[in-house]
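This is what each chain is made of:
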Protein chains: 4
Amino acid sequence: MIKTAVLGATGYAGIELVRLLSNHPEAELELLGSKSYAGQKISEVYQSFEHILEKECSEVDLNKAAKCDVAFTALPHGASKSVIPSLLERGLKVIDLSGDYRYDSAEVYERWYGEKHSSPELLEESVYGLCELYRDKVKQARLIGNPGCYTTCSILGAYPLLKSGIGNAENVIVDAKSGVTGAGRGLGLAYHFCECTENTKAYKIATHRHTSEIEQELSHAAGKDVMISFTPHLIPQKRGILSTIYINLNKPSTTEEITQIYKDFYKDEFFVRVKDAGNLPETKHVAGSNFVDIGVCVDERLQRAVVVSAIDNIVKGAAGQAVQNMNIMFGLDEKTGLKNAGFYL
Amino acid sequence: MIKTAVLGATGYAGIELVRLLSNHPEAELELLGSKSYAGQKISEVYQSFEHILEKECSEVDLNKAAKCDVAFTALPHGASKSVIPSLLERGLKVIDLSGDYRYDSAEVYERWYGEKHSSPELLEESVYGLCELYRDKVKQARLIGNPGCYTTCSILGAYPLLKSGIGNAENVIVDAKSGVTGAGRGLGLAYHFCECTENTKAYKIATHRHTSEIEQELSHAAGKDVMISFTPHLIPQKRGILSTIYINLNKPSTTEEITQIYKDFYKDEFFVRVKDAGNLPETKHVAGSNFVDIGVCVDERLQRAVVVSAIDNIVKGAAGQAVQNMNIMFGLDEKTGLKNAGFYL
Amino acid sequence: MIKTAVLGATGYAGIELVRLLSNHPEAELELLGSKSYAGQKISEVYQSFEHILEKECSEVDLNKAAKCDVAFTALPHGASKSVIPSLLERGLKVIDLSGDYRYDSAEVYERWYGEKHSSPELLEESVYGLCELYRDKVKQARLIGNPGCYTTCSILGAYPLLKSGIGNAENVIVDAKSGVTGAGRGLGLAYHFCECTENTKAYKIATHRHTSEIEQELSHAAGKDVMISFTPHLIPQKRGILSTIYINLNKPSTTEEITQIYKDFYKDEFFVRVKDAGNLPETKHVAGSNFVDIGVCVDERLQRAVVVSAIDNIVKGAAGQAVQNMNIMFGLDEKTGLKNAGFYL
Amino acid sequence: MIKTAVLGATGYAGIELVRLLSNHPEAELELLGSKSYAGQKISEVYQSFEHILEKECSEVDLNKAAKCDVAFTALPHGASKSVIPSLLERGLKVIDLSGDYRYDSAEVYERWYGEKHSSPELLEESVYGLCELYRDKVKQARLIGNPGCYTTCSILGAYPLLKSGIGNAENVIVDAKSGVTGAGRGLGLAYHFCECTENTKAYKIATHRHTSEIEQELSHAAGKDVMISFTPHLIPQKRGILSTIYINLNKPSTTEEITQIYKDFYKDEFFVRVKDAGNLPETKHVAGSNFVDIGVCVDERLQRAVVVSAIDNIVKGAAGQAVQNMNIMFGLDEKTGLKNAGFYL
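Just so it is clear, the model here is predicted, and its values are computed rather than measured. Each chain carries its own residue numbering, running from 1 in the direction its sequence is written. Lettering of chains starts at A and numbering of ligands starts at 1, both following the order in which they are written. Local features in a predicted model are, by the rule used here, given only for residues with pLDDT of at least 70; side-chain atom pairs are given and counted only at 80 or more, and totals for whole chains, interfaces and linings are based on all residues. Note that the side-chain values use all heavy atoms of the structure and ignore hydrogens as well as water.

Within chain A, the secondary structure is distributed over 13 helices and 13 strands. The globule rule used for comparison is 2.2 Å times the number of residues to the exponent 0.38, while the radius of gyration itself is calculated over C-alpha atoms. What you see for chain A is a C-alpha radius of gyration of 20 Å, in line with the 20 Å of a compact globule of 345 residues. Based on the C-alpha atoms only, the size of chain A along its principal axes is roughly 60 × 45 × 40 Å. Each residue is assigned to one of three classes by its accessible area relative to the maximum for its type, calculated with a 1.4 Å probe on protein chains only: buried under 20%, partly exposed between the two thresholds, exposed over 50%. Looking at chain A as a whole, 68% of its 345 residues are labelled buried. Pairs at least 24 residues apart make up 71% of the contacts formed inside chain A by residues separated by at least 6 positions. By the counting scheme adopted, Arg and Lys are positive, Glu and Asp are negative, and His together with the chain ends is not counted. Where a charge sits is defined by one atom per residue type, namely NZ (Lys), CZ (Arg), CG (Asp) or CD (Glu). Across chain A, the centroid of the 37 positively charged side chains sits 1 Å from that of the 44 negatively charged ones. Comment: elements are numbered from the N terminus, with helices defined as DSSP H or I runs of at least four residues and strands as E runs of at least two. Should any heavy atoms of two residues lie within 4.5 Å, those residues are considered in contact.

This is the structure in structure tokens:
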């Protein structure tokens with residue numbers, strides 16, 4: 001059994017980790033770290049866990065954590081930085097859900113996050129935990145920068161087409177729609193039920209930090225620098241991201257041909273489901289599961305592909321992918337504890 | 001492995017059965033019966049199942065069904081009747097999700113359903129599958145009348161207090177609120193998104209068929225005939241029933257005392273969670289799980305208990321309870337395949 | 001033109017007042033008081049008002065208010081108390097949306113609110129602004145205690161039956177469901193979109209302050225002390241309250257007979273719509289309007305009436321009723337500015 | 001008073017017309033045509049109208065219609081065609097909410113609608129009723145092709161930038177999100193509450209008919225043929241469209257500069273609200289009103305403008321714009337009956 005610690009267990013990504021790990025046949029939850037709820041049972045904070053997991057939350061205690069094999073850090077930005085080096089020193093593997101260890105270059109991080117990176121030496125070692133692209137590196141890793149939600153959805157949606165050379169790296173546009181769990185459990189007027197329901201809006205156009213993460217990976221795909229328009233939207237649902245991605249084509253192609261490129265690229269991936277031509281993803285198909293659904297439509301008038309990808313933002317976009325990374329790091333079948341069908345309804 | 005057939009697999013109760021059984025370590029899905037979608041894969045009808053369960057739906061073929069150990073019948077009213085006797089003859093156990101086999105007396109059935117019962121002889125044999133009350137009979141049963149959603153929630157909420165003799169059997173009122181999955185997947189103007197969202201209404205006051213089922217069981221609890229007011233409401237959410245139950249008290253009592261009666265009554269029940277005094281159930285605590293949450297508040301001014309109970313209507317109120325019945329009938333641990341925490345978010 | 005001040009203009013009741021008054025042909029908005037947003041235009045705080053009303057919000061300035069004919073006070077509890085006597089001294093009429101001036105007796109107030117009433121002498125003068133019951137007193141009033149949302153819905157639903165003597169004053173139960181605007185614009189985890197959507201819960205059972213207000217008025221109706229069970233619930237929609245009211249009958253009656261009692265009682269009321277037997281209210285029928293819809297169903301087995309009443313909690317339950325009171329106080333047609341059909345969709 | 005007929009009064013666009021016209025000081029509703037509900041009162045079909053408008057719906061009777069000054073035709077595609085020439089012959093003005101009379105060219109219509117146009121001679125006469133662009137022609141018109149919902153939102157969002165010459169006519173992308181009222185009141189599994197809520201999806205990529213309407217108008221703006229990517233999405237809310245529009249810039253510009261172009265272009269338009277730089281539209285700001293809100297953000301890295309526009313799809317995108325057209329055709333102040341603030345909550 002893998003002994004796990006979840007630091008930041010009572011936020012939305014944290015509790016989803018707890019949900020998945022409490023069902024995982026090869027993992028056990030040793031430590032639930034929560035500053036706000038230390039001393040309370042997790043089943044009091046999220047009463048869905050009553051009779052299932054009645055463990056007490058505690059302050060993040062590094063000596064207690066030292067008994068674990070792996071720590072998931074789902075801490076507020078900044079809190080992660082001080083804790084992660086200590087965890088690594090104590091011999092744990094760390095899967096970090098913040099943005100701190102997702103970058104090839106500290107400079108890009110600093111430009112988009114507007115502050116100095118606190119441990120650039122770890123950045124060199126850390127592996128970007130997008131399993132479908134970096135599985136081999138994840139196997140060896142001690143520190144994972146677990147990808148963001150918008151980024152997982154958008155990168156997996158655009159990657160094969162740019163990689164193939166048929167997608168043009170100019171004019172790539174990603175228009176993404178996210179459910180409200182993506183904003184976390186913190187209070188804010190924008191997340192008040194009455195302000196959120198029956199409302200859709202765009203936000204942080206051209207400035208959202210995930211832009212840089214998507215560009216980093218799509219540049220790897222295209223073999224040259226890619227810059228994209230990325231527009232996040234908030235939609236009135238809890239879970240789910242849908243990315244609609246526009247990519248011009250370098251040579252005339254059909255929906256069927258581009259679909260085939262995706263089917264080939266992902267043919268061995270359990271968690272990626274490429275839709276047949278004529279069929280498109282919907283967020284309810286992935287809700288509660290670790291799947292990424294992708295559909296393609298070519299507008300032959302314009303020779304432009306429209307790729308639609310969908311994930312559950314707190315599963316494949318956060319907690320599920322983190323567990324998938326753990327499975328890979330510990331030599332388990334990648335699907336362990338993640339093989340359910342989601343809930344649709 | 002238990003070989004299972006789900007007849008009516010593409011309705012909402014049916015697909016929830018498929019979701020639970022596809023995750024069940026001791027069951028396998030042999031037959032997915034669906035009149036409307038015969039010939040299509042279940043993963044085409046509910047795309048959440050792609051890569052998980054790609055089995056084809058078929059017409060209900062009794063010879064194919066004969067290879068199974070148990071059939072779940074989630075068929076439209078009437079369709080069940082013609083199929084169930086044949087299944088029993090072929091040696092299957094049957095767990096029926098319709099109202100047909102839930103009654104002690106054909107007469108009560110006929111009064112509330114307005115038609116002749118087609119197989120009153122089976123009614124004598126069938127067991128009412130409310131596991132927490134009839135576990136011993138379920139163990140021996142060949143045919144289960146799986147309880148309705150409103151009824152499971154309301155009976156388990158009211159039973160201990162009436163059984164104790166402290167709850168007065170007169171003036172019992174059950175005011176229940178249900179999510180829209182309870183109405184099934186059939187089309188109807190009342191279930192159009194735009195007519196349903198931002199709307200709450202009561203319906204079928206004093207005439208809903210579940211009234212009779214609740215009365216039957218509460219009469220057993222009280223040891224005399226109980227008649228109740230039962231008012232169902234439709235609320236704008238997918239899953240969840242909340243029953244608010246008003247029962248006058250025969251002797252002065254406190255919230256703590258009545259809570260203790262419930263804690264004692266359900267002390268060995270994994271799927272019933274009695275809240276401490278001062279805490280009340282919410283439907284999100286049970287969503288996606290087989291739990292029943294119950295909370296009690298005594299209004300000492302009036303010497304009246306208000307009991308609040310919550311379930312997920314398509315899990316504990318349909319598919320989950322059906323699986324729980326199967327587990328009991330086949331000698332498995334009752335919790336097998338049902339031990340998850342729900343999804344809260 | 002009536003010069004109006006709205007104090008507390010940026011809360012949900014306040015902004016609904018602004019919406020109604022900005023459309024009112026005989027009123028003008030002189031002063032928008034808002035502590036939190038003083039110095040900002042109302043059209044910046046609620047951008048729906050851009051091009052319609054671009055007035056600046058200001059601190060509550062009593063000298064500025066002195067130019068007005070009437071003030072609507074939608075202030076946090078306590079803030080009202082200090083301001084209202086000063087407004088009256090300056091010659092304004094005051095319509096207060098807090099609970100402070102709704103009671104016949106300071107003692108009842110103090111028991112349910114847990115604090116001393118600050119101006120019991122005003123309580124003697126103030127009129128309970130439930131227009132359909134106290135229209136004549138409202139005409140003469142200087143100070144209105146504008147009724148609460150749950151109370152308006154529940155009192156108007158129960159009053160005729162208790163008044164008629166056919167409804168029994170024992171065992172009256174009011175089970176009420178409210179949309180989230182009822183909780184106001186303040187932040188709280190319970191009102192976070194992700195905690196609220198897909199969730200229903202009961203709260204403050206047997207202790208909600210509106211209980212006392214309902215009891216006061218139903219006691220007037222019955223001609224003797226009435227005590228009720230009142231259970232508020234939070235449901236996942238913005239607007240709307242549905243009260244389901246259970247009243248035992250003193251003599252055998254039918255749905256048609258009891259419906260007729262309601263039709264007679266409200267025959268001259270524009271804002272009350274009594275449904276024909278067999279038809280029941282839904283919150284979408286009243287959303288955005290000042291109507292109260294009432295439907296009755298008698299359970300003849302039990303000789304118990306179930307009355308269902310529905311309002312928009314921030315219109316007839318707050319701002320709309322306040323405008324209706326203003327219309328009456330200033331000798332206008334009561335319907336002025338309130339004669340629209342709501343929005344259904 | 002203008003005598004009006006609404007043909008197709010019980011669909012969602014129709015009932016919104018009824019809502020607006022029942023509040024319009026210069027119009028009266030003479031005829032409510034409804035095939036499905038002929039003989040029933042409109043207040044029975046939409047109970048929000050009880051006490052407001054209790055008129056009976058009737059079959060479309062051209063002789064009765066002949067007494068009217070104007071007919072709004074909100075009929076199913078095809079039904080319009082047979083009726084409109086007859087109405088014009090009888091001397092009525094006609095405002096048609098179908099797609100039939102929105103095109104400059106029958107050929108474009110036939111390509112996108114896949115059928116012969118039944119009255120190409122009327123197409124020559126008809127005026128495209130996008131008031132902000134064609135006000136002068138609307139004044140003289142006898143027959144209006146009232147614009148579609150996606151198109152109103154998208155055209156008004158993109159027009160000024162293409163017209164200015166700074167927006168590049170290549171690579172224009174419109175990613176639009178619509179509430180479910182846009183799909184109408186007809187039943188369909190996709191609009192079942194349980195299939196719709198908590199779900200977002202794209203549909204009809206590259207083939208939606210509104211594409212052709214947007215292209216027609218943006219070609220006028222650019223002074224040359226424009227072809228666009230248009231992707232409609234269904235989001236879980238009733239009302240509202242948000243269009244996110246991507247346009248490359250022909251010369252380096254800032255958010256402030258492009259915003260100014262929009263402010264100048266729409267400086268005399270009451271119903272268009274251009275947001276200051278840094279502020280963006282949300283659908284709740286326009287819900288229930290005839291406003292179009294537009295915000296601009298320039299991504300200076302890419303020299304690409306992202307324009308966000310929002311409308312209420314059944315007001316400015318259907319019924320409200322139709323009333324605005326009527327006001328113009330009959331020489332009224334364009335704002336008559338449309339000057340309210342929407343409902344935000």
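That shown, we press on.
As a further point, take the domain arrangement of chain A. Residue and element names in this part refer to chain A. Residue ranges for the domains originate in an automatic or database domain assignment. For chain A, the domain assignment lists domain 1 (2–125) and domain 2 (150–312). Relative to domain 2, the C-alpha centre of domain 1 lies at a distance of 27 Å. Across the contact, 13 residues belong to domain 1 and 16 residues belong to domain 2. Across the domain 1/domain 2 interface, buried area totals approximately 1300 Å², and carbon plus sulfur atoms make up 45% of it. Buried area counts how much accessible surface, traced with a 1.4 Å probe, disappears from two parts once they are put together, with both parts' losses summed. When the buried area of domain 1 at its contact with domain 2 is split by residue, Y12, R102 and W112 rank highest and sum to 48% of it. Between R239 and E16 there is a salt bridge, with its nearest N and O atoms 3.0 Å apart. For the side of domain 1 that touches domain 2, the secondary structure elements donating two or more residues are α1 (12–21) and α5 (106–113). Each salt bridge in this description consists of a side-chain nitrogen of Lys or Arg and a carboxyl oxygen of Asp or Glu lying within 4 Å of one another.

Residues and elements named next belong to chain A. Across the sheet, which stays open at both edges, the six strands sit in the order β2-β1-β3-β4-β6-β5 with parallel pairing between neighbours. In the strand order of this sheet, the two ends are held by β2 (27–33) and β5 (127–128), each with one partner. For helices, the fitted axis covers only the stretch in contact; all axes are lines through C-alpha atoms, and the angles between them, taken along N-to-C directions, range from 0 to 180 degrees. Here helix α4 (residues 79–89) sits on the sheet and contacts β1 (2–7), β3 (70–73), β4 (93–96) and β6 (143–145); the angle it forms with β4, its principal contact strand, is near 160°. A pair of strands counts as paired when DSSP detects no fewer than two bridges linking them.

With that out of the way, let us pick up the interface of chain A and chain D. Of the residues lining the interface, 47 residues belong to chain A; the matching set on chain D comes to 47 residues. Taken over both partners, the interface formed by chain A and chain D buries close to 4000 Å², and the fraction arising from carbon and sulfur atoms is 52%. Among the residues chain A hides against chain D, the three largest losses belong to E198(A), I205(A) and R301(A). Together they make up 16% of the total. Counting every contact that joins chain A to chain D gives six salt bridges. Linking K284(A) and E195(D) is a salt bridge whose minimum nitrogen-to-oxygen distance equals 3.2 Å. Counting of polar contacts relies on pairs of N or O atoms within 3.5 Å, with two restrictions inside protein: one atom must be capable of donating a hydrogen and the other of accepting it, and residues adjacent in sequence are counted only when both atoms are side-chain atoms. Where chain A packs against chain D, one counts 40 residue pairs in polar contact (both at pLDDT 80 or more). When residues are sorted by character, Ala, Val, Leu, Ile, Met, Phe, Trp, Tyr, Cys and Pro go into the nonpolar class, Asp, Glu, Lys and Arg into the charged class, and all the rest, Gly among them, into the polar class. For the side of chain A that touches chain D, a count of residues per class yields 23 nonpolar, eleven polar and 13 charged.

The next subject is the packing of helix α8 (residues 149–163) of chain C against helix α11 (residues 255–265) of chain C. Residues and elements named next belong to chain C. Contact pair α8 / α11: the axes reach a minimum separation of 9 Å and the direction vectors enclose 105°. With respect to their mutual orientation, α8 and α11 come out roughly perpendicular. Facing α8, whose interface residues are L156, G157, A158, Y159, P160, L161 and K163, α11 presents I258, I261, Y262 and F265. Taken together, the residues of the contact of α8 with α11 sort by class into nine nonpolar, one polar and one charged. Working definition: roughly parallel below 35 degrees, roughly antiparallel above 145 degrees, roughly perpendicular at 65 to 115 degrees, and oblique for all remaining angles.

Our focus in this paragraph is the relation of the copies chain A and chain D. Our superposition of the copies is a least-squares fit, built on the C-alpha atoms of residues whose pLDDT is at least 70 in both. Each copy superposes on the other: chain A lies on chain D with an RMSD of 0.0 Å after a rotation of 180° and an axial shift of 0.0 Å. The symmetry that links the two subunits is that of a two-fold axis. Among all residues of chain A, the minimum C-alpha distance to the rotation axis is found for P236(A), at 3.2 Å. In this assembly, 100% of the residues forming the interface of chain A have copies in chain D that are likewise at the interface, indicating an isologous arrangement.

Our next topic: the relation of the copies chain A and chain C. It takes a turn of 180° to lay chain A on chain C, together with a shift of 0.0 Å along the axis; the resulting RMSD is 0.0 Å. Here 100% of the interface residues in chain A have copies in chain C that are interface residues too; the copies meet face to matching face.

This next bit is on the pattern of salt bridges. Residues and elements named next belong to chain A. Evaluation of the coordinates by the stated rule reveals 97 salt bridges over all chains. Salt-bridge contacts for E107 lead to R111; the nearest nitrogen and oxygen are separated by 3.3 Å. Remark: R111 and E107 occur in helix α5; sequence separation between them is four residues, near one turn of the helix. The class for E107 is exposed, based on a relative accessible area of 54%.

This brings us to helix α13 (residues 315–329) of chain C. For an α-helix the count is 3.6 residues per turn, leaving residues at separations of three or four pointing the same way. Residues and elements named next belong to chain C. The first and last C-alpha atoms of α13 sit only 18 Å apart over 15 residues, clearly below the 21 Å expected at 1.5 Å per residue. At Q321, α13 shows its maximal kink, close to 45°. With 15 of its 15 residues buried, α13 lies for the most part within the structure. Looking one or two places after α13, you find G331, whose phi comes out positive at around 75°. In a helix, the anticipated span is given by 1.5 Å times the number of residues less one. The quantity called bend is, for any residue, the angle between two axes fitted respectively to the seven residues ending at it and the seven beginning at it.

Below, the discussion takes up unusual backbone geometry. One non-glycine residue with positive phi stands out, namely Q303(B), at about 50°. Here E198(C), not a glycine, exhibits a phi torsion of approximately 55°, which is positive. Tracing the sequence through the fold places E198(C) in the loop between α9 (193–196) and β8 (201–202).

Let's shift gears to the interface of chain A and chain C. Listed per partner, the contact involves 21 residues of chain A and 21 residues of chain C. When chain A packs against chain C, close to 1800 Å² is buried across both sides, 69% of that on carbon and sulfur atoms. At the boundary of chain A and chain C, one finds two salt bridges. Here E195(C) makes a salt bridge to R185(A), at a shortest N to O gap of 3.0 Å. Along the lines of polarity and charge, the residues of the side of chain A that touches chain C split into ten nonpolar, seven polar and four charged.

Turning our attention to the environment of A221(A). Residue and element names in this part refer to chain A. Relative to the helices and strands, A221 is located in helix α10 (residues 210–222). Taking C-alpha positions, A221 is 5.8 Å from Y159, a pair spaced 62 residues apart along the chain. When neighbours within four sequence positions are excluded, A221 is seen to be in contact with Y159, L162 and K163.

All names here are of chain B. The parallel open sheet is built from seven strands, whose spatial order is β3-β2-β1-β4-β5-β7-β6. The two strands at the open ends of the sheet, each matched to only one other strand, are β3 (57–58) and β6 (127–128). Across three bridges, the pairing between strand β5 (residues 93–96) and strand β7 (residues 143–145) is parallel. When the bridges of β7 are listed, D96 appears paired with G145. Together, β1 (2–7), β2 (27–33), β4 (70–73), β5 and β7 form the strand contacts of helix α13 (residues 315–329), whose direction differs from that of β5 by roughly 155°.

So, about the confidence of the model for chain A. As a per-residue measure, pLDDT reflects the predictor's confidence and takes values from 0 up to 100. Confidence in the prediction of chain A, expressed as mean pLDDT, is 96, and 100% of residues score 70 or more. Model confidence for the complex: the whole-complex pTM is 0.97, and ipTM, which rates the interface, is 0.97.

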